[in-house]
Amino acid sequence: MGLLILLLLTCAAFPLASSDPNDEACLTNLSQSLKDPLKNLQNWTKSTFSNPCSGFTSYLPGATCNNGRIYKLSLTNLSLQGSISPFLSNCSNLQSLDLSSNSISGSIPQDIQYLVNLAVLNLSSNRLEGEIPPQLTLCAYLNVIDLHDNLLTGQIPQQLGLLARLSAFDVSYNKLSGPIPSSLGNRSGNLPRFNATSFEGNKDLYGYPLPPMKSKGLSVLTIVGIGLGSGLTSLVLSFTGVCIWLKITEEKMAAEEGKITQLMPDY
């Protein structure tokens, strides 16, 4: 009996390490899709992926653990290249993803929608292309979406305005086009509002809160002014021409009258 109690106490004091297969698949695929030219992620090895956490302790640089699961990834300003693996969604306990200030290309995976606990998404200052996936709306806890300074195209999904917790939103300096959804540009009630700095730097994007787009052609007043100016010029030239013609005609008539006078006999 005493031996059994001692064994139980030993197991309680030194719990067996067990990895989460979802986290392992997430980390393995992410490391394969990213390129690390400066070797900043040397400790991101297969052996570590099998057991990245021990309670609240993380064995991976840039990863934070909570109760044995990866709940935060922050790999910022590491000169990372490559793309974002769709298997990132296997880190189902992830609450914060920050891959900002790198050179990551490709598109934003639609599979991020399965990170249902995600609250912070920061992919800013990269080379991401393609459209913003509307599926991000399924991450209902999102309160930060920062995608500024990328190469994103297309329109801003209207559905993103349905994220009631969204308090920070930045898509500035991309290649976005079309109207800004009113659900983001002109939010009502107590929802946080986003100013023009959240949308600037997209030359084909328009709508409130951005200032009105400047006309690429001549303004109406300018066109009218040119028309009036042209009309006045034509009128002056025409009048001058008539005056010159009358003057020449008058001189000719005077000359002819002089000739006739000379030919007529005196009475």
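Position numbers for residues count from 1 along each chain, tracking the sequence in the order it is written. With the structure being a predicted model, the display of local features is reserved for residues of pLDDT at least 70 and the display and counting of side-chain atom pairs for 80 or more, all residues being used for whole-chain, interface and lining totals. No hydrogens and no water enter the side-chain calculation; it runs on all heavy atoms of the structure.

Another point: the state of the cysteines. Counting rule for disulfides: a pair of cysteine sulfur atoms within 2.5 Å. One pass over the structure, following the stated rule, counts 2 disulfides. Here Cys-26 connects covalently by a disulfide to Cys-91, the sulfurs 2.1 Å from one another. Around the S-S axis, the bridge from Cys-26 to Cys-91 shows a dihedral of about -100 degrees and counts as left-handed. Within this pair, whereas Cys-26 is found in helix α2 (residues 21–33), its partner Cys-91 is found in the loop between β6 (81–82) and β7 (96–98), the two being separated by 65 residues in sequence. When sorted by exposure, Cys-26 lands in the same class as Cys-91, which is buried. A sulfur-sulfur separation of 1.9 Å characterises the disulfide bridge that pairs Cys-53 with Cys-65. Here the S-S torsion is close to -70 degrees, and the disulfide linking Cys-53 with Cys-65 is therefore left-handed. You can see Cys-53 sitting in strand β2 (residues 53–54) and its partner Cys-65 sitting in strand β4 (residues 63–66), a full 12 residues away along the chain. Residue Cys-53 shares its accessibility class with Cys-65, and that shared class is buried. Numbered by order of appearance in the sequence, the disulfide-linked cysteines of the protein chain pair as 1-4, 2-3. Strands here mean DSSP runs of E at least two residues long; helices mean DSSP runs of H or I at least four residues long; both are numbered from the N terminus. Remark: exposure states derive from per-residue accessible area (1.4 Å probe, protein chains only) relative to the maximum for the residue type, with buried under 20%, exposed over 50%, and partly exposed in between.

Another point: the sheet that holds strand β14 (residues 175–179). A sheet is described by the order of its strands in space; here 3 strands give the open sequence β12-β14-β15, paired in parallel fashion. Two strands bound the open sheet, and with one partner strand each, they are β12 (153–154) and β15 (204–206). When β12 meets β14, the two strands line up parallel, connected through 2 bridges. Directly across from Gly-154, in β14, lies its bridge partner Leu-176. Note: two strands are recorded as paired if DSSP finds a minimum of 2 bridges between them.

Further remarks concern the nonpolar core. Counting 50 residues, the largest nonpolar core has Trp-44, Leu-73, Leu-97, Leu-123, Ile-156, Phe-169 and Phe-199 as the members making the most contacts within it. For this core, the secondary structure elements donating two or more residues are α2, β4 and β5 (69–74). Considering every element that reaches this core, the biggest residue donor is α2, with 3 residues. Within this scheme, the nonpolar core is defined by two criteria: the residues are buried Ala, Val, Leu, Ile, Met, Phe, Trp, Tyr or Cys, and they are joined through side-chain atoms within 4.5 Å.

Next up on the list: α2. Expected span of a helix, by definition, is 1.5 Å for each gap between consecutive residues, and there is one gap fewer than residues. Compared with the 18 Å implied by 1.5 Å per residue over 13 residues, the 18 Å span of α2 between its first and last C-alpha is a close match. Of all the positions in α2, only Asp-23, Cys-26, Leu-27, Leu-30 and Ser-33 are classed as buried. Down the axis of α2, the sector holding all buried residues measures 135 degrees, keeping them to one side. In this structure, α2 carries Pro-21 and Gln-32 as exposed residues pointing more than 90 degrees from its buried face. In this fold, the buried residues of α2 make contact with β1 (34–35), α3 (46–49), β5 and β6. For the purposes of these results, a polar contact is taken to be a pair of N or O atoms within 3.5 Å, where, inside protein, one atom must be able to donate a hydrogen and its partner to accept one; residues adjacent in sequence count only when each atom of the pair is a side-chain atom. Of the residues flanking the start of α2, the one acting as N-cap is Asp-20, its side-chain oxygen 2.8 Å from the backbone nitrogen of Asn-22. Here the arc refers to the set of directions running from the helix axis out to each C-beta atom. In what follows, a contact means two residues having at least one pair of non-hydrogen atoms within 4.5 Å.

What follows is about unusual backbone geometry. Most peptide bonds take the trans configuration, and most residues that are not glycine carry a negative phi. Note that the residue after Tyr-208, namely Pro-209, is joined by a cis bond; omega there is 10 degrees. Note that Pro-209 resides in the loop between β15 and α5 (220–263). The backbone of Ser-79 sits at a positive phi, close to 60 degrees, despite the residue not being glycine. Note on placement: Ser-79 falls in the loop between β5 and β6. Residue Ser-79 is classed as partly exposed on the basis of its relative accessible area of 33%. Positive phi is not limited to glycine here, since Ser-101 has a value of about 60 degrees.

Everything listed here is a matter of geometry and, on its own, says nothing about what the molecule does.
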